[in-house]
Amino acid sequence: MNKTYHVAMIMDGNGRWAEARGEKRVNGHEEGARVVRDITTFCSNHPDIERLTLYAFSTENWKRPRLEVEFLMKLLERYLKNELQTYINNNVRFEPIGDIRAFSKSLQKTIKEVEEKTAHCDGLVQNLALNYGSHDEILRAINILKSEKEDITEEMFSNALDCKHQVDIMIRTGGDHRISNFLLWQISYAELFFIDTLWPDFTADELSGILADFKTRDRRFGGLN
Ligand code: IPE
Ligand code: IPE
Ligand code: MG
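All values reported here derive from a predicted model rather than from experimental measurement.

Basis of the calculations
Residues numbered from 1 in each chain as written. Chains lettered and ligands numbered in written order. Predicted model: local features only at pLDDT ≥ 70, side-chain atom pairs only at ≥ 80, totals over all residues. Heavy atoms only, no water. Helix = DSSP H or I, 4+ residues; strand = E, 2+ residues; numbered from the N terminus. Rg over C-alpha atoms; globule rule 2.2 N^0.38 Å. Contact = heavy atoms within 4.5 Å. Lys, Arg positive; Asp, Glu negative; His and termini not counted. Charge placed at Lys NZ, Arg CZ, Asp CG, Glu CD. Near = heavy atom within 4 Å. Polar contact = N/O pair within 3.5 Å; in protein donor to acceptor, adjacent residues only side chain to side chain. Areas by Shrake-Rupley, 256 points an atom, 1.4 Å probe, with all protein chains shown as cover. Nonpolar A, V, L, I, M, F, W, Y, C, P; charged D, E, K, R; others polar.

### Examining the overall build of the protein chain
When its secondary structure is counted, the protein chain shows 7 helices and 6 strands. Beginning at the N terminus, the succession of helices and strands in the protein chain can be written as β-α-α-β-α-β-α-β-α-α-β-β-α. For a compact globule of 225 residues, the expected C-alpha radius of gyration is about 17 Å, and the protein chain comes in at 17 Å, within 12% of that figure. C-alpha atoms of the protein chain, sized along the principal axes, occupy 55 × 45 × 35 Å. Sequence separation of 24 or more characterises 73% of the internal contacts of the protein chain that already satisfy a separation of 6 or more. Of note, the protein chain has its 30 positive side-chain charges centred 5 Å away from the centre of its 36 negative side-chain charges.

Take a look at the structure:
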């Protein structure tokens, strides 16, 4: 059977998870990174999931305290270096989305290396959203296309975006019911799941439950079934 699902996740609630334990917010990010690995591994073994797009750092997250941003940058670099072999072992292709030019040269190099060293993997695709914002992505696409002589089609526009694939299942952990500038073009007909679980507590079992619920939904895409 062909794998077809594109699952996107807004991984929210790391800070609150740590604060509820009397710990520093960054401990929540550390725990959150472990869950990224577990969920990616689960998805790589799942018969239906083709693509997993994870919101790791938004274009708005630069507004956070300097020390938290610095910690997130170091965590990302350490995560990618440590997990390279896990990506390869699980046949997962790493494809970042977002404008990584804002990151340090060293982090950009690590991101490119993991992308190159997993380019041959043909199992799950993990799109990690790094300095990603939907508005920024759409504006960059418009700038790519602005010298076109012909009228822009939906296909041309999609192809100019970082994430060229429509989302089937959008999950936000952490209790808030908002999209926070994530994949606005791509979620036009996604099934939305907002759950209270904080990201560090999210498990493959809970994801399995969401996938089972998704299968019961009647997706009409504006037509009649
Ligand atoms: C999500 O968790 C991770 C990032 C945005 C990097 P948060 O850090 O937003 O955690 P809360 O929402 O403050 O609990
Ligand atoms: C969304 O979470 C961004 C990521 C999960 C990376 P935020 O915590 O930044 O979103 P808001 O501020 O609650 O909307
Ligand atoms: Mg948050």
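Back to the write-up after that little detour.
### Remarks on the site of ligand 1
Within the structure, ligand 1 sits among Met11, Asp12, Gly13, Asn14, Gly15, Arg16, Arg25, His29, Ala56, Asn61, Arg64 and Leu72. In this structure, an oxygen atom belonging to ligand 1 sits 3.4 Å away from a main-chain N or O atom of glycine 13. Take arginine 64: an N or O atom from its side chain is 2.7 Å from an oxygen atom of ligand 1. Compared with its free state, where it exposes 380 Å², ligand 1 has 87% of that area covered by protein. Those elements giving two or more residues to the shell around ligand 1 turn out to be helix H1 (14-19) and helix H2 (25-44). When grouped by side-chain class, the residues that make up the shell around ligand 1 number 3 nonpolar, 5 polar and 4 charged.

### Topic: the site of ligand 2
Ile10, Met11, Asp12, Tyr55, Ala56, Phe57, Asn61, Arg64, Arg172, Arg178 and Ser180 make up every residue found near ligand 2. Side-chain polar atom of arginine 64 to an oxygen atom of ligand 2: 3.2 Å apart, as the coordinates give it. For ligand 2, an oxygen atom lies 2.6 Å from a polar atom in the side chain of serine 180. The element best represented in the shell around ligand 2 is strand S2 (residues 49-58), accounting for 3 residues. Residue classes in the shell around ligand 2 are distributed as 5 nonpolar, 2 polar and 4 charged.

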